[in-house]
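Chain by chain, the residues:
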Amino acid sequence: MRDHSPPLCPEWESTSPGRSARYQALLESRRQLPVFPHRDVVIHTLRRHQVLVLVGETGSGKTTQVPQFLVEAGYRRVACTQPRRIAAVNVAKRVAEEMGVQLGAEVGYTIRFEDVSHPKRTRLKYVTDGMLLREAYGDPSLTRYDCILLDEAHERTLNTDVLMGLLKSVLPRRPELRLVVMSATLESGKFTDYFDRAPLVNVSGRMYPVRIEYMPQPVRDYLLAAEEAVMRIHRDEPPGDILLFLTGAEEIDSVCDRLRWRVRTERDSRSAAALAPLLALPLYSALPPPKQQLVFEPPPPDGTRKVIVATNVAETSITIDGIVYVVDPGFVKSKIFNPRSRVESLLVSAISKASAQQRAGRAGRTRPGTCYRLYTEASFQQELAEATHPEILRSNLATVVLTLKKLQVQDLVHFDFMDPPPPETFMRALEMLYYLHALDDDGNLTQLGSRMADLPLDPPLSKMLLESDRFRCSDEATKLAAMLSTQIVFVRPRNKQAEADAAKLRLMSEAGGSGAGDHALLVQVFEAYLRHGQSTRWCYEHFLNDRALRHAVHIQQQLARTLHRLQVPLISPGVRAPDRWLRLRQCVLHGYFMQVAFWRRGKSYTIVRDEQTVFLHPSTVVQHRPAWVVFHEFVLTTRNYIRIVSEVRPEWLLQLAPHYFDEREYADGASRQALQRLGRYRASK
DNA sequence: TAGGGTTTT
């Protein structure tokens, strides 16, 4: 067949001197990718259609090649979104190399905290979906781009879904704009239908075959079944590493311990002397990077087999080569949002077929493999959902609503989401933004709301921060907001729990005792980390997550810059001021008055807004059982917990949020009675 | 009495 396609890189062919051997070798391997023969179809289809849906499995080369095709076809400003930072960076590096250009010039990337692109020269930019959404704030029609690719659309992240809806509304306004939606195999029809029967290009993947084995009977205890499966593979199957998916760090650590113990015991007994050593390695995002790194290192050359016991990080974010066996119990811990109780929580639930397929695929990256599903084929066929429930249906929409308002979307009810969230969820989001004074009575964005959208924070945190200068503690508030925006910084290893708790109490006493509260402790930890020169060793000694703290420092710097731009002065009452934490607690309440609970006789607290009974999370440093507390989040695990808690004085409630604590707004019940007592108390003073 | 994974000019 004759090649009618345009020449590769028409302009650079003559101008770039560096058509090195390396470039030629890369070009040759590019030509071998399954997506390469589809180059002309992609280019020609986009001449006649505004939108193209491209479906390609792992190994098709779609992420690196399709954006290059478009640049070669003459598009001058191409953006390709990725759900994860790490992917945006790595793919941009690879593509710059393939094109024989300098990273940050013709090809670049933009992620939070890092912009390696040139405003004029960059023709192809990889960008996180959240970042592109932010760019749209100042340019709602995304006029900076003539072609946008949404990659990994099947993951249906919150930001991808919002971008898809936004782009769908932009397309009619910008007939010259081109959009390519790239996705894994499942649900391609949903994407083509959503974009008014957009043309579809199907690209095969390149993977080794993976044999799937099911259980003949449902298992009673998936942890035990997982352990047995790993042991059986290790005893009976040829060499090759194992990947086991579990739901959380605690499960993972305990299963790793049990596997180590079982292999050791079997090897010590005479009957199983032939059993090879087994190296059990945990993998989850909160794990310190050196420990994460271990999963990539080859095992000792004495026949040791690796088993990596991982959360969902290993499903998409982290790719480990050399896996031959996957053990999939079929569960994941995922976020759910209950609009009735207004609570987001984590719950263990069954995975989807798409997720099961993705997990199985992890066994076939370097050679043919096997996936052991710890459920029956009937439950796979009949009980698992086709695809994972989109994140937008499982989230609190306050941030989404604020973003859309900022993007000048007037009519949220008719905004075309691929999967519209239930109206009740929208009502809850509107209600929250209204109470925060981000929206006015007509649902329009207020000046405060517009400023809140500028901050990369949850709305209550934005509100807290933007008005923190009123409490003369904006310096403390930026530190707190940064600490609340990163992972939990306290590390509590299973075998050193008492030591870890003692280290935390020492940090607390430096802050002036437990009465200061959990919020104050976070600020204290942040400041101590800076005082100790952001030392990794200091973190280790004090049972703190070094990476999370480093992240918090980045966020704090960005918040301080944004506050400066928004003309909020950065002030502090001073580290020795006796009212320092008191001011901070008032400031927190200013943003989080919707998350207040009061002590009720017995042993529990009651949340004001819905009279839910809750307990202080065991991680709290608050020991003096205050009558009223503000909390950062509600966690549903073995009990209803409130986590990150500080005492508030009851009179603050009426001072700071009289519109929310008006007793007449509450039905007769415990909350109303508590507020009535508060009113009488106030009147008597 | 204990924390899935992403991400934000």
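That block above? That's the structure.
Quantities reported herein were computed from a predicted structural model and do not represent experimental measurements. (Residues numbered from 1 in each chain as written. Chains lettered and ligands numbered in written order. Predicted model: local features only at pLDDT ≥ 70, side-chain atom pairs only at ≥ 80, totals over all residues. Heavy atoms only, no water.)

Visitor: Could you give an account of the pattern of salt bridges, with specific residues and numbers?
Guide: One pass over the structure, following the stated rule, counts 43 salt bridges. A salt bridge links Glu-155 to Arg-84, with the shortest nitrogen-to-oxygen separation between them at 2.8 Å. In this pair, Glu-155 sits in the loop between strand E6 (147-150) and helix H7 (158-170) while Arg-84 sits in the loop between strand E2 (78-82) and helix H5 (85-99), placing the two residues 71 residues apart along the sequence. Of the residues examined, Glu-155 reaches a relative accessible area of 23% and is grouped as partly exposed. With its nearest N and O atoms 2.7 Å apart, the salt bridge here joins Glu-476 to Arg-580. Taken together, the positions of Glu-476 in helix H19 (residues 474-484) and Arg-580 in helix H24 (residues 580-592) put the pair 104 residues apart, joining distant regions of the chain. A relative accessible area of 3% places Arg-580 in the buried class. Look at the salt bridges and you will find they share partners, linking Arg-30, Arg-39, Glu-72, Arg-94 and Glu-98 into a network. (Salt bridge = Lys/Arg side-chain N within 4 Å of Asp/Glu carboxyl O. Helix = DSSP H or I, 4+ residues; strand = E, 2+ residues; numbered from the N terminus. Buried < 20%, exposed > 50% of the residue type's maximum accessible area, 1.4 Å probe, protein only.)

Visitor: Can you lay out the packing of aromatic side chains for me, pointing to particular residues and giving the numbers?
Guide: The tally for this structure, following the rule as stated, stands at 13 aromatic pairs. Look at Tyr-194 and Phe-195: their rings are 4.8 Å apart centre to centre, the planes differ by 75 degrees, and that puts the pair in the edge-to-face class. Residue Tyr-194 shares its accessibility class with Phe-195, and that shared class is buried. Taken together through their ring pairs, the aromatic side chains of Tyr-434, Tyr-435, Phe-593, Tyr-660 and Phe-661 make up a single cluster. Of note, Lys-168 hangs over the ring of Tyr-194, and the distance from its end group to the ring centre comes to 4.3 Å. The ring of Phe-490 is capped by Lys-504, whose NZ or CZ atom sits 4.3 Å from the centre of that ring. (Phe/Tyr/Trp six-rings, centres within 6.5 Å; stacked < 30°, edge-to-face > 60°. Lys NZ or Arg CZ within 6 Å of the ring centre and 35° of its normal.)

Visitor: Provide a residue-level description of the protein's contact with DNA strand B, including the pertinent values.
Guide: The local shell around DNA strand B holds 36 residues, among which Arg-112, Met-131, Lys-333, Ile-488 and Pro-618 are the closest. Counted by atom, the contact set of DNA strand B within 4 Å of the protein is 60% sugar and phosphate. Between DNA strand B and Thr-311 there is a distance of 3.4 Å, counted from a phosphate oxygen to a side-chain nitrogen or oxygen. Residue His-617 places a side-chain N or O atom 3.4 Å away from a sugar or linking oxygen belonging to DNA strand B. Elements with a contribution of two residues or more to the surface near DNA strand B: helix H6 (129-138) and strand E14 (331-338). Among the elements that take part in the surface near DNA strand B, H6 stands out by supplying 4 residues, more than any other. Of the residues in the surface near DNA strand B, the class split is 13 nonpolar, 12 polar and 11 charged. (Near = heavy atom within 4 Å. Polar contact = N/O pair within 3.5 Å; in protein donor to acceptor, adjacent residues only side chain to side chain. Nonpolar A, V, L, I, M, F, W, Y, C, P; charged D, E, K, R; others polar.)

Visitor: Please set out the packing of helix H2 (residues 21-31) against H5 residue by residue, giving values where relevant.
Guide: Relative orientation of the contacting elements H2 and H5 amounts to 110 degrees, with a least axis distance of 8 Å. By the angle between their axes, H2 is roughly perpendicular relative to H5. Residues Arg-22, Tyr-23, Leu-26, Ser-29 and Arg-30 of H2 form the contact with H5, whose own contacting residues are Arg-94, Glu-97, Glu-98 and Met-99. Here the contact of H2 with H5 is built from residues that sort into 3 nonpolar, 1 polar and 5 charged. (Axes fitted to C-alpha atoms, helices over the stretch in contact; angles between N-to-C directions. Parallel < 35°, antiparallel > 145°, perpendicular 65-115°, else oblique. Contact = heavy atoms within 4.5 Å.)

Visitor: Break down helix H10 (residues 249-268) for me, citing the residues and quoting the values.
Guide: The end-to-end C-alpha distance of H10, which contains 20 residues, comes to 29 Å, matching closely the 28 Å that a straight helix rising 1.5 Å per residue would cover. When we look at burial in H10, the residues that qualify are Glu-251, Ile-252, Val-255, Cys-256, Leu-259, Arg-262, Val-263 and Glu-266. End-on, the buried residues of H10 take up no more than an arc of 135 degrees, which puts them together on one face. Exposed side of H10, more than 90 degrees from the buried face: Glu-250 and Asp-268 are the residues found there. Against helix H9 (222-236), strand E10 (241-245), strand E11 (278-283) and strand E12 (305-310) lie the buried residues of H10. (Expected span 1.5 Å × (residues − 1). Arc of directions from axis to C-beta.)

Visitor: Requested: an account of the sheet that holds strand E19 (residues 613-616), with residues and values cited.
Guide: The mixed closed barrel is built from 5 strands, whose spatial order is E17-E18-E19-E21-E20. Along the sheet, successive strands turn relative to each other by an average axial angle of 50 degrees, direction set aside. Each of strand E20 (628-636) and strand E21 (640-647) touches helix H21 (residues 518-531); the most contacted strand, E21, lies at about 70 degrees to it. (Pairing = 2+ DSSP bridges.)

Visitor: Describe in detail the sheet that holds strand E13 (residues 323-328), supporting the description with residues and values.
Guide: An order of E9-E16-E13-E10-E12-E11 is seen for the 6 strands of this open sheet, with the pairing classed as parallel. Edge positions in the sheet fall to strand E9 (210-213) and E11, since each has one partner strand and no second. Across the sheet, the mean angle from the axis of one strand to that of its neighbour is 20 degrees, orientation sign disregarded. Note: E10 against E13, 4 bridges, orientation parallel. Note on E13: the bridge partner recorded for Asp-241 is Ile-323.

Visitor: Lay out helix H23 (residues 546-565) with the relevant residues and their values.
Guide: Between its first and last C-alpha, H23 extends 29 Å over 20 residues, near the 28 Å set by a 1.5 Å rise per residue. Every buried residue of H23 is accounted for by Asp-546, Ala-548, Leu-549, Ala-552, Val-553, Ile-555, Gln-556, Gln-558, Leu-559, Ala-560, Thr-562 and Leu-563. On its buried side, H23 packs onto helix H17 (447-454), helix H18 (459-466), H19, H21 and helix H22 (536-541). Of the residues flanking the start of H23, the one acting as N-cap is Asn-545, its side-chain oxygen 3.0 Å from the backbone nitrogen of Arg-547. Gln-567 lies just past H23 and shows a positive phi near 60 degrees.

Visitor: Can you break down the pairing of E11 residue by residue, with the values?
Guide: Each regular strand carries side chains that alternate between the two faces of the sheet. The buried fraction of E11 is high, at 5 of 6 residues. Sheet topology places E11 next to E12; 6 bridges connect them, and they run parallel. Residue pairing for E12: Leu-279 is matched across the bridge by Lys-306.

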